[in-house]
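Spelled out from the first residue to the last, the chains are:
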Amino acid sequence: MRSWIGVVLALSAAVAHASVEVVITHPAPGEVVFGEMRIAAEVRASEAVARVSFVVDGRKVGEVTGPPYEVVTDVGAENVEHRLQVLARTVSGASAEASLVTPRIAVDQEVTYELQQLYVLVTAFGKRVLTLEKANFEVFDDGERQEILTFARGDVPLTAVVLLDSSLSMKGPRLAAAQAGARAFFAGMRALDEGALLVYKDRSLVRTPFCNVPEVLLAGISSAAADGGTTTNDHLYMALKLLERRQGRRVVVLLSDGLDAHSVLSASDVLLKARQSQALVYWIRLRKGAGNGSEEPQLFSAWRDAAWYRRQLGTLAEIVAQSGGRVQVVRELAEIGPAFEEVMRELRDQYVLGYYPTTQKNDGRWHTIKVKVTRLGVEVRTREGYLDF
Amino acid sequence: MRRGWLGVGSWALALGLAVQVHAAGPEGAAAVTRAGGDTGENPCERPLTAARAHGLPARAAALLMSGQQGGGVAFSFLAVPLARGTGSITLGYLLDIDSTSLLGERRDAPTAVEVTLYALAGGGSVSAASTAVLELEPDLCPELLSAPGFRLAGTLEVPESQHAVRILVRNLATGAFGVGELPRAVQAPAEGGGVVATPLAVEPAVFIPVADSASAEVVRQLAAPAWLEPGTAVSTRPLVLAGKVVRLLLPGRGMLPGTRTLAGRVVDRKGGLVRACELTVGEKRGGALGMLDLWELEWKVPDLEPELYFLELTVPGVLGGSSLQAFLPFIVVDSLAPPAPAVWAALDDVQAPEEPSLRDAYMASRGARDEAHPRLRAGYREALGLAASSDLEAVRAAVYELEKSLLTSGSPRELEGALFAELGVAKDLAGEQPDAALGLALLHLQLHDRYVRNQAFVPQAHARRIVEALAELWVKRRASPEASRQGAELLAVLAGSLQKNNLDASAARLFKRATEIDPGCVPALLGLAAGLERSGAYRPAIRFLERLVEARPDHAEGRLRLAINHLRVGSDGRAEKLLRSLVEEDVPAWVRVIAYQELARWLVGKRDPEAACRLLVAARQRGVGDEQIDLQLAFVLDRLGRLAEAYELMAHVAGRASGTGGTSPRLRYAEWPDDDLKAARAQLEKALPAARAALAEAVRRSAKEGAR
């Protein structure tokens, strides 16, 4: 994001008419990093690139000689700043360097998450496995095995915020299909579940309180028209924040093409919030052709350039993955309703595991979580970790 | 003495074939390429970024040197010898790349495409190479997917000897590639010169938007690369109908030695003879293509099954040199479709000209003007005659109907004729009364708006050109600071309208021209900067914004945009100063909100969330009510670890009534600047009564002249 440019240094040099430029494309400026992470750079040179070196906190962690210019490295779990440097050199010796300092997180003692809850989906050959018992699970927090204290299946009540993008790119039948999808989702709520609806464009259009009455939740939805800009990041942040004090399972279901031209917050800002939150984020992603034919939004604006948009989409997907949710790509309008219903079904089929971390220190560190199932041939999906506050 | 590559008196030292295409025939011939269409517009408003890479990618070299041909990516190609240097020849090339096979399943993902050309000398050694990397972003240019493909133009320097050119097109994201070879792209001098072994076809004019570098100040609307003569485009893949007569163009230099017919052979893909044939030699057109003349050849296409063939043509040397051979690939088809518009990319350094037809219209003789579109000229005179007795609305209505009924095809010839005809009348009237030019310019500006509203595309294109021409005429005839201001504002208002209709390149050109006429033209400086900002050219945008702020230090929007662009390029000090002044001064509410937001974002970015928090709290205390300010404050409180306060604030925001709330400040910023354009228009319309009176007077005088 451009306003973060103060922490990004991009230098280029020329030798014998050759020029080279390097820019760090991942992580985004302002993003907090923990554990295993990817460093990616874009190198533009007027001649062949000989090598690109990656340095973290003064230590060389990798070198590549051809695109893609990226490495994966472990920066550790400490809540500290990291200095990332990428150095590119061309065949004739021209070189350039980019550096980025990732921030640490301020630690707050006001709110602590004591009981860690994990929402775990187990599948085998594409089908959900619903017959597991507590004894079948093992939970590791920062590599240390934890005692599972609470165990339940998907009937644990949930609190969901449905976020509907109502910007110009949703014009036409897209918005109507999105509204129908939200209806289908709320219709699937059970007695103890609660929901809220946020419809937005460059501003909020509809905001409902949390409740269990679909009629209340859907009261204003029909009046929303598709026009104006997009503020997905701002509203995803708002949803995560509003879920912070809710009990039970917390879920955000976002329906959007993921583009965002007018938020004051970046996707990296929201990623930070998502890591603090225990909410699951599902993204029903509208792609080209989903009811809007030629009216695809343009990937440039006064606020963003194309590279920014690419980062936005990547970071949004990262938010979803780290939360333990899922991106559901939708290319046909008829798929939107079933996608919402499938999210609800998936939530019902999750196992809910609770434990008190033995490693908790409230120091803002990133904890990695691994869940193992003592059964062969199954896949396990849950969130990748959490920030220890 | 070594014979020159192109010596006068020796026949056809360079030789090629072309299929000529006329709007109405000859029957049975058409050049189906990615170029042209009558509109002359690149369907992709933002040109593809094409960068020349100097390295030779190892994988590309391996593929090219392997000798294989084919692959999954389809393209067609031609080369034309353009100029001769000391021991070298500049070979111009055109490459039409098929999007469908190139992009495959990754149709909506950004992709980089590498295009490598190798010139191979007789022994198979590489004597010249060129690599270009094009960035394709289907989201930025959906036409890449919907049109048949896109076209790359460039040049390659090769030594003076016989060369084949091998071409590799590679999708860097998927690895899909296509390899092809053009045998004898350049003929060895010892054999009599160069051979262009590909077809050339004259097609309707094309104007090609090209950004010649990423940091170009303006995405310029440019004519074709210089070696593609204005008004022509070149086909890389001619389609013909069996049994029909087509006209070929044979590039060469000198005199064709006596003969009126040439022997030809149609061969198949493997070089096997399919049919012998004969071609009739016609007229010569001097200097029509690069450094070559073009000879017309007529050829009746044999009755062949639909398939790809090659026409092999033998031309005798004039000074006892050996015969030359040319190869024309052609495809026999059952029916012909009109060419689709092209998406262009080019590597040539080309100059931004004024629109050729506009320049020509100024330079045209009275006779030429009188000959141009006589019906429109007569009708236009008659419609303007109403100005002597009626109000301007009657004139507007009459010109509207006239242009709508007569301007239908949008062909370059029609548009040029219309411009000649109406500008001719306007020049006559301005000769009587200079102010008439302003009246006419305003009249056509209003007509332009009406055509835009009614989606009358051809008259709209004409209205753009005539307004531009009349603004220039007004500035030249009046030659006063006031006329310069008005002329610049006219162009800026027109450019603003184009900008809103996504004609960014044309808008940029007009804004730029407006700033040349009046360096302090605020709407033009702002519009130009906004366009540059939107295309990511932040430093050039800053240059225009600095000029604006210098001319109008109180211009709040200009200062805000300047500050934001300074932040983008790392000039934090200047940006901070501007933003702090904006939050303190009496500026429009939307400007103040964004100034607070950006200042806070900058403070967070330099890891001072405490200062950002204080700033945002102060904004709220000063009554700057905005949902995004609240949201940003919640985020900053989160960063400070004050999660509970952040939650309370967000809950408070969520609890407030929502609603449409109008346009947010950040959306307002992202829209095209309009306030100054509206003000300029209002100023211009104040001049309308006097200009109308001048027009009426000029019409009366002209009528009297005519009567005498």
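Residues numbered from 1 in each chain as written. Chains lettered and ligands numbered in written order. Predicted model: local features only at pLDDT ≥ 70, side-chain atom pairs only at ≥ 80, totals over all residues.

### Side note on the overall build of chain B
This is how it is decided: In this description a helix means any DSSP run of H or I spanning at least four residues, a strand means any run of E spanning at least two, and both kinds are numbered starting from the N terminus. Residues with at least 20 neighbouring C-beta atoms inside 10 Å of their own are called buried, those with 12 or fewer are called exposed, and the rest are partly exposed, where every C-beta is derived from the backbone. The contact rule is simple: place each C-beta atom from the backbone, and if two of them lie within 7 Å, those residues are in contact.
Scanning chain B from terminus to terminus reveals 23 helices and 22 strands. By residue count, 53% of the 708 residues in chain B fall in the buried class. Taking as baseline every contact in chain B between residues at least 6 positions apart, the subset at least 24 positions apart corresponds to 72%.

### Some remarks on the overall build of chain A
Across its full length, chain A carries 6 helices and 23 strands. By residue count, 50% of the 389 residues in chain A fall in the buried class. A separation of at least 24 residues holds for 76% of the contacts in chain A among residues at least 6 apart in sequence.

### Description of the sheet that holds strand 15 (residues 194-200) of chain A
Residue and element names in this part refer to chain A. Convention followed: We call two strands paired when DSSP finds no fewer than two bridges between them. Lines are fitted to the C-alpha atoms to define the axes, a helix being fitted only along its stretch in contact, and any angle between axes, read from their N-to-C directions, falls within 0 to 180 degrees.
With respect to topology, 6 strands assemble into an open sheet ordered 16-15-14-17-18-19, the strand pairing being mixed. The open sheet terminates on both sides in strands that have one partner only, identified here as strand 16 (204-207) and strand 19 (327-330). When the angles between neighbouring strand axes are averaged without regard to direction, this sheet yields 15°. As paired elements, strand 14 (residues 158-165) and strand 15 share 7 bridges and run parallel to each other. If you follow Leu-163 over to strand 15, its bridge partner there is Leu-198. Its contacts with the sheet place helix 3 (residues 232-243) against strand 14, strand 15 and strand 17 (249-256), and it is angled at close to 165° to strand 14.

### Observations regarding the environment of A:Ala184
Residue and element names in this part refer to chain A. Here Ala-184 shows up in helix 1 (residues 173-187). Once the C-alpha coordinates of Ala-184 and Phe-340 are considered, the two residues, 156 residues apart in sequence, prove to be 6.8 Å apart. Discounting chain neighbours no more than four positions away, the residues touching Ala-184 are Gly-337, Phe-340 and Glu-341.

### Considerations on the pairing of strand 10 (residues 163-171) of chain B
All names here are of chain B. In terms of burial, strand 10 is largely enclosed, as 8 of its 9 residues are buried. Inspection of the sheet shows strand 7 (residues 111-121) paired to strand 10 by 9 bridges, in the antiparallel sense. Residue pairing across strands places Glu-114 opposite Arg-170, the latter belonging to strand 10.

### A look at the nonpolar core
Selection rule: To count as a nonpolar core, a set of buried Ala, Val, Leu, Ile, Met, Phe, Trp, Tyr and Cys residues must be joined through C-beta atoms within 7 Å.
Membership of the largest hydrophobic core comes to 230 residues, with the highest contact counts inside it found for A:Leu163, A:Val252, A:Val253, A:Tyr282, B:Ala441, B:Leu470 and B:Ala492. In this structure, B:Leu470 is in contact with B:Ala426, B:Ala437, B:Leu440, B:Ala441 and B:His444, ignoring residues within four places of it in sequence. Among the nonpolar cores identified, the runner-up in size contains 31 residues, and B:Leu95, B:Val115, B:Leu134 and B:Leu168 belong to it.

### Quick notes on the sheet that holds strand 11 (residues 137-141) of chain A
Residues and elements named next belong to chain A. Here we have 4 strands laid out as an open sheet, ordered 12-11-21-23, and antiparallel in their pairing. The open sheet terminates on both sides in strands that have one partner only, identified here as strand 12 (144-146) and strand 23 (385-387). Taken pair by pair, the neighbouring strands of this sheet meet at an average axis angle of 30°, ignoring direction. As judged from the 3 bridges shared by strand 21 (residues 366-373) and strand 23, these two strands associate in the antiparallel manner. Within strand 23, the position partnered with His-367 by the bridge is Tyr-386.

### Comments concerning helix 20 (residues 643-655) of chain B
Residue and element names in this part refer to chain B. Heads up, the rule is: Expected helix span is computed as 1.5 Å times (number of residues minus one). The directions considered for the arc are those from the helix axis to the C-beta atoms.
The terminal C-alpha atoms of helix 20, which comprises 13 residues, lie 18 Å apart, in line with the 18 Å expected from a rise of 1.5 Å per residue. What helix 20 keeps buried is the set Leu-643, Ala-646, Leu-649, Met-650, Val-653 and Ala-654. End-on, the buried residues of helix 20 take up no more than an arc of 135°, which puts them together on one face. Summarising the geometry of helix 20, the exposed residues directed more than 90 degrees from the buried face are His-652 and Gly-655.

### Quick word on the packing of helix 12 (residues 504-517) of chain B against helix 13 (residues 522-534) of chain B
Residue and element names in this part refer to chain B. What counts, and what does not: For any pair of crossing helices, the crossing counts as left-handed if the nearer helix is rotated counterclockwise from the farther one by less than a right angle, and right-handed if it is rotated clockwise. Residues are grouped as follows: nonpolar covers Ala, Val, Leu, Ile, Met, Phe, Trp, Tyr, Cys and Pro; charged covers Asp, Glu, Lys and Arg; every other residue, Gly included, is treated as polar.
Between helix 12 and helix 13, the least distance of the axes is 9 Å, while the angle of their chain directions is 145°. Crossing handedness for the pair helix 12 and helix 13: left-handed. The residues of helix 13 that touch helix 12, namely those facing Asp-504, Ala-507, Ala-508, Phe-511, Lys-512, Ala-514 and Thr-515, are Ala-524, Leu-525, Gly-527, Leu-528 and Gly-531. Counted by class, the contact of helix 12 with helix 13 contains 7 nonpolar, 3 polar and 2 charged residues.

### Observations regarding the packing of helix 3 of chain A against helix 19 (residues 627-639) of chain B
Put simply, the test is: Each angle receives one of four descriptions, namely roughly parallel if under 35 degrees, roughly antiparallel if over 145, roughly perpendicular if within 65 to 115, and oblique otherwise.
Two elements in contact, helix 3 of chain A and helix 19 of chain B, have axes separated by 11 Å at closest approach and are oriented at 55°. With respect to helix 19 of chain B, the axis of helix 3 of chain A lies oblique. Between helix 3 of chain A and helix 19 of chain B lies a crossing whose hand is left-handed. Of helix 19 of chain B, the residues touching helix 3 of chain A (which contributes A:Asp234, A:Tyr237, A:Met238 and A:Lys241) are B:Gln628, B:Leu631, B:Ala634 and B:Phe635. Classifying every residue of the contact of helix 3 of chain A with helix 19 of chain B gives 5 nonpolar, 1 polar and 2 charged.

### Looking at unusual backbone geometry
Omega for the bond connecting A:His26 with A:Pro27 falls within 30 degrees of zero, at 0°, which places this linkage in the cis form. In this structure, A:Pro27 sits in the loop between strand 2 (18-26) and strand 3 (36-45). Notably, B:Gln455 is not glycine yet its phi reads approximately 50°, a positive angle. Within the chain, B:Ala479 stands out as a residue other than glycine whose phi angle is a positive 50°. Along the chain, B:Ala479 falls in the loop between helix 10 (457-478) and helix 11 (481-500).

### Here's the deal with helix 10 of chain B
Taking 1.5 Å of rise per residue, 22 residues should cover 32 Å, and helix 10 of chain B covers 32 Å from first to last C-alpha, within 8% of that figure. Where helix 10 of chain B terminates, the next one or two residues include B:Ala479, which has phi positive at roughly 50°.

### Regarding the environment of B:Phe457
Residues and elements named next belong to chain B. By the secondary structure assignment, Phe-457 is in helix 10. For Phe-457, a count of 14 C-beta atoms within 10 Å puts it in the partly exposed group. Separated by 53 residues in sequence, Phe-457 and Lys-404 have C-alpha atoms that sit 9.6 Å apart.

### Quick notes on the confidence of the model for chain A
Residue and element names in this part refer to chain A. Heads up, the condition is: The predictor attaches a confidence to each residue, and that confidence, scored 0 to 100, is pLDDT.
For chain A, the average pLDDT comes to 81, and 88% of its residues sit at 70 or higher. Averaged over each element, pLDDT in chain A is lowest for strand 1 (residues 8-15) (32) and highest for helix 3 (95). Every residue in residues 1-16 scores below 50 in pLDDT, and together they form 49 contacts with partners more than four places removed in sequence or on other chains. With pLDDT under 50 throughout, residues 290-298 is counted as low confidence; its partners more than four residues away or in other chains account for 22 contacts.

### Considering the confidence of the model for chain B
Residue and element names in this part refer to chain B. Per-residue confidence for chain B gives a mean pLDDT of 72, with 64% of residues at or over 70. Throughout residues 318-322 the model reports pLDDT below 50, and contacts reaching past four residues in sequence, or to other chains, amount to 12 contacts. With pLDDT under 50 throughout, residues 338-342 is counted as low confidence; its partners more than four residues away or in other chains account for 22 contacts.

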